[in-house]
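Inside the fold
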Amino acid sequence: MDATVMIGILSLGNRDVIEWYLTTHPTFQWNNELGMRFLFLLSLLSIHGVLLTEAKTCKCLYGQSCWPSSESFTELASNLSQPLLSPTPPALPCYSSDPNLEAACADVQANTHNATWRTNIPGAMQNINFETYIFPNDTVSACYLNTTLGVACEQGSIPPVGVDARSAEDVQAAVRFAKKHNLKLVVHNTGHDYLGRSAGKGAFMIWTHWMKNIAFHDTFQPEGAPSSETYEAMTIAAGVQWIEVYIAAAAEDKFVVGGISQDSSVGAAGGWVQGGGHSAFSGKFGLGVDNALQFTVVKADGSHVVANAHKNKNLFWALRGGGGGTYGVVTSVTYRTHPVVPLTLALGFVNFTSPDAAQRGVTEFIHLHPTLSDNEWGGYSFFNNYTLFFAYFATNVSLPDTNATISPLFDLLKELGQEGTITELVPFDSFYALADYQGIPNTQDSQVGNIVELSSRLLSRDTALNKAEETAKTLLSLPFVAVNYIAGGAVLRQDKDSAGVHPGWRNALAEVYTSENWEEGASAEIIHAAQQRLKNNTVVLDSITTDSAAYLNEASLHEVDFKKAFWGSHYPRLKKIKNEVDPSGLFVVPRGVGSDDWDADLVCRSS
Ligand SMILES: Cc1cc2nc3c(=O)[nH]c(=O)nc-3n(C[C@H](O)[C@H](O)[C@H](O)COP(=O)(O)OP(=O)(O)OC[C@H]3O[C@@H](n4cnc5c(N)ncnc54)[C@H](O)[C@@H]3O)c2cc1C
């Protein structure tokens, strides 16, 4: 064995690799000379302060000989408030011949499109394609709901062991355990992630779902801030979901900027805010990252720290847009609260008389967005060559002013639409009153329990103002496109370098996204073809954006340059902070900051 091979082994530093070498080189004999060279190399490494644990370049996966023993797990469990978890695929009960599991299987079938139900299951992702795993040889490992496909239920990308964290101490114990045993680690909150970042084959999971504390503050003073710096605020623990925030805030007569979905089950303190966090009310009050005052975080070294504008400032900057699962485990977030204000819902639903009418209607719709931004509106829409739907909110704007802004568009849509066009303004006392409103047409199937991949781009103010016709034409050429009108207004008023989030947000009015799907049980070939279509459609979206900025939480795994698309000029600073707080790469997620140093499965360092 020559020194280069030994260095190779040392630098790989993995017990598996050493075992592999010994098995593939049966004639290898340890002798004094080699022993001396080995010790010499070891001493060189320690002289240079390189810890062998840091030099390990491949992480340990479930099923490998390096995986911790049952005794190690028993010891870990003795330091936790809850028993260890063994997450399994949601559809597993449907693969059993045990009659006692029939009810559990019926439950899965009834609830597969129920987001809240999914969040209560540690092995569930919201969109089921992220529960599956495609091997390099294109074998698909999955547990399909459709048992008639005749495919055995497999674990796929669901981590097989995890910690049901209920406190910062639980999180610390889990992080230290993962670090000590060099495990691939996954932080899982609600499983809403569109890049599958809360799943990972053979990984060890920290599940934050049941960390549910909520507290309100009349005068919140961030740690380290002068006594004159106080805010009306709300602190929530890692597992709190938006619906829980809204219920609690309504009872306190406060408003918080948050995510909006069919049951608002997105996590309020996890990936949402760390990726940027948009809302229909961002035009009025800013993004999630603009409202975050303080985080508490368990870092890769197991310490539990505060990050805000006065303490751990770099970490605070990175947590506001650098992406979930990357800088540590956030145990709580404190957000500004706002007064509850009235709003008007502007509802439009049009079946166009022709594709030409769609082109005209969508052009005017896009062209209106800069005006809407000046008035701090926000909302959601989608369109194609036949239909336009939007539900937009004018917050704290009088009904006559709302009407003056939107009526030219309403008039045009009535002209361009078939019979049955809806153009309505509905005033509400508050966002909370909207919850009981039944008048929004049901235009969308469940947002979850599906197979879906997305790709997005941020639409700039300049594009909406000066290239509305071209933008409409480009977007109408796609099979599906949605416009989340969740920027502009207050989002534009923030300094572009105030947080780690892509600076492109500070020119943006909206996020446009497209998606691709495939059938459950599809072959890898079909899946790759759908992913290729998504890539092609991303090129189409690129033609209407100047800097290719995307919203990383609703984005594609197949970006040509994910660093540019997700963070633009902020990437180098985010990477530097990442290397400072997590030098060994304990927290790495697909297309996350620092993932460029790892292989495709994020198991072995590639640089
Ligand atoms: C139906 C639906 C509706 C959506 N609506 C919105 C919306 O209105 N606005 C919007 O901006 N986005 C929205 N999203 C996107 C959403 O912001 C992302 O999916 C986000 O990643 C979800 O974060 P989570 O913590 O709930 O989910 P998870 O999938 O559990 O986690 C997402 C990522 O964050 C990490 N993470 C979670 N918790 C922590 C923690 N405590 N510490 C460190 N890392 C953590 C995970 O490791 C993972 O990388 C929506 C998504 C879906 C599927």
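Structure shown above.
These notes cover the structure that comes with them. Bear in mind the structure is a predicted one, so any value in this text is a computation, not a measurement.

The next point concerns the pairing of strand β15 (residues 387-395). When you tally the buried positions in β15, you get 9 out of 9 residues, the bulk of the element. Here β15 shows two buried faces, one formed by Thr 387, Phe 389, Ala 391, Phe 393 and Thr 395 and the other by Leu 388, Phe 390, Tyr 392 and Ala 394. When strand β13 (residues 343-351) meets β15, the two strands line up antiparallel, connected through 9 bridges. By the bridge assignment, Val 350 is partnered in β15 with Leu 388. For strand β14 (residues 378-383) and β15, the ladder comprises 6 bridges, and the chain directions are antiparallel. Residue Ser 381 lies in a different strand from β15, and its bridge partner there is Phe 390.

When you tally the buried positions in strand β11 (residues 329-336), you get 7 out of 8 residues, the bulk of the element. Where strand β7 (residues 231-237) lies against β11, 5 bridges are found, and the strand directions are antiparallel. Pairing of Ile 236 across the sheet is with Val 333, part of β11. With 6 bridges connecting them, strand β9 (residues 292-298) and β11 associate as antiparallel partners. When the sheet's bridge partners are listed, Gln 294 is paired in β11 with Thr 334.

Another point: the sheet that holds strand β3 (residues 161-164). Through backbone hydrogen bonds, the strands of a sheet pair up, either in parallel or in antiparallel fashion. Taken in spatial order, the 3 strands of this open sheet run β3-β5-β4, and their pairing is parallel. Here the strands that pair on one side only, and so sit at the sheet edges, are β3 and β4 (185-188). Averaged over all pairs of adjacent strands, the angle between their axes in this sheet comes to 20°, without regard to strand direction. Where β4 and strand β5 (residues 204-207) come together, 4 bridges link them in parallel fashion. Note that in β5 the partner of Leu 185 across the bridge is Phe 204. This element, helix α8 (residues 168-180), spans β3, β4 and β5 of the sheet and lies at about 165° to β5.

This part is about the state of the cysteines. In this structure the tally under the stated criterion is 4 disulfides. The disulfide partner of Cys 94 is Cys 105, and the gap between their sulfur atoms is 2.1 Å. With the S-S bond torsion at 105°, the cross-link from Cys 94 to Cys 105 turns out right-handed. Separated by 11 residues along the polypeptide, Cys 94 in the loop between α5 (70-78) and α6 (102-111) and Cys 105 in helix α6 bring together distant segments of the chain. Here Cys 143 is linked by a disulfide to Cys 153, with a sulfur-sulfur distance of 2.1 Å. Measuring handedness by torsion sign, the sulfur bridge of Cys 143 and Cys 153 sits at about -105° and is left-handed. Of this pair, Cys 143 sits in the loop between β2 (140-141) and β3 while Cys 153 sits in the loop between β2 and β3, and the two are 10 residues apart along the sequence. When the bonded cysteines of the protein chain are counted from the start of the sequence, the pairing works out to 1-8, 2-3, 4-5, 6-7.

Because an α-helix packs 3.6 residues into every turn, residues spaced three or four apart end up facing the same way. Between the first and last C-alpha of helix α21 (residues 524-542) there are 27 Å, a value that for 19 residues agrees with the 27 Å anticipated at 1.5 Å per step. The complete set of buried residues in α21 reads Ala 524, Ile 527, Ala 530, Gln 531, Leu 534, Asn 537, Thr 538 and Leu 541. Buried residues of α21, viewed axially, fall in a sector of 145°; they line one side. Relative to its buried face, α21 has exposed residues pointing more than 90 degrees away, namely Glu 525 and Val 539.

A separate point is the nonpolar core. Counting 81 residues, the largest nonpolar core has Trp 242, Phe 295, Tyr 327, Tyr 335, Trp 505 and Phe 566 as its most contacted members. Once you skip the residues sitting within four places of it in the chain, Phe 295 turns out to touch Val 273, Val 305, Val 306, Ala 307, Phe 316, Leu 319, Arg 320, Val 330, Ser 332 and Val 333. With 37 residues, the next largest nonpolar core counts Val 350, Val 362, Phe 390 and Leu 478 among its residues.

Turning to the sheet that holds strand β19 (residues 508-516), a few remarks are in order. Judged by pairing direction, the sheet is antiparallel, and its 7 strands sit side by side in the order β16-β13-β15-β14-β18-β19-β17 without closing on themselves. Pairing within the sheet leaves two strands with one partner each, and these edge strands are β16 (422-428) and β17 (453-460). Strand-to-strand twist in this sheet, taken as the mean axis angle between neighbours without regard to direction, amounts to 15°. Alignment of β14 against strand β18 (residues 481-485), held across 5 bridges, turns out to be antiparallel. Looking at β18, one finds that Tyr 380 is bridged to Asn 484.

In the structure shown here, the tally under the stated rule is 35 aromatic pairs. Taking the centre distance of 5.8 Å and the plane angle of 40° together, the rings of Trp 242 and Tyr 335 count as tilted. Of this pair, Trp 242 sits in helix α9 (residues 242-251) while Tyr 335 sits in strand β11; the two residues are 93 residues apart in sequence, bridging distant segments of the chain. Per residue, the accessibility class of Trp 242 equals that of Tyr 335, and both read buried. On the numbers, 6.3 Å between centres and 65° between planes, the contact of Phe 349 with Phe 389 is edge-to-face. Placement of Phe 349 in strand β13 and of Phe 389 in strand β15 is noted, with a sequence separation of 40 residues between them. Phe 349 gets classed as partly exposed once you look at its relative accessible area, which sits at 21%. What links up through ring pairs into an aromatic cluster is the set Trp 242, Tyr 246, Phe 255, Trp 272, Phe 281, Phe 285, Tyr 335, Phe 393, Phe 431 and Tyr 432. Above the plane of the ring of Tyr 133 lies Lys 201, whose end atom (NZ or CZ) is 5.4 Å from the centre. Across from the ring centre of Phe 316, 3.9 Å away, lies the NZ or CZ of Arg 320, which sits over that ring.

The rules behind the values
Residues numbered from 1 in each chain as written. Predicted model: local features only at pLDDT ≥ 70, side-chain atom pairs only at ≥ 80, totals over all residues. Heavy atoms only, no water. Buried < 20%, exposed > 50% of the residue type's maximum accessible area, 1.4 Å probe, protein only. Helix = DSSP H or I, 4+ residues; strand = E, 2+ residues; numbered from the N terminus. Pairing = 2+ DSSP bridges. Axes fitted to C-alpha atoms, helices over the stretch in contact; angles between N-to-C directions. Contact = heavy atoms within 4.5 Å. Disulfide = S-S within 2.5 Å. Expected span 1.5 Å × (residues − 1). Arc of directions from axis to C-beta. Core = buried A, V, L, I, M, F, W, Y, C linked by side-chain atoms within 4.5 Å. Phe/Tyr/Trp six-rings, centres within 6.5 Å; stacked < 30°, edge-to-face > 60°. Lys NZ or Arg CZ within 6 Å of the ring centre and 35° of its normal.

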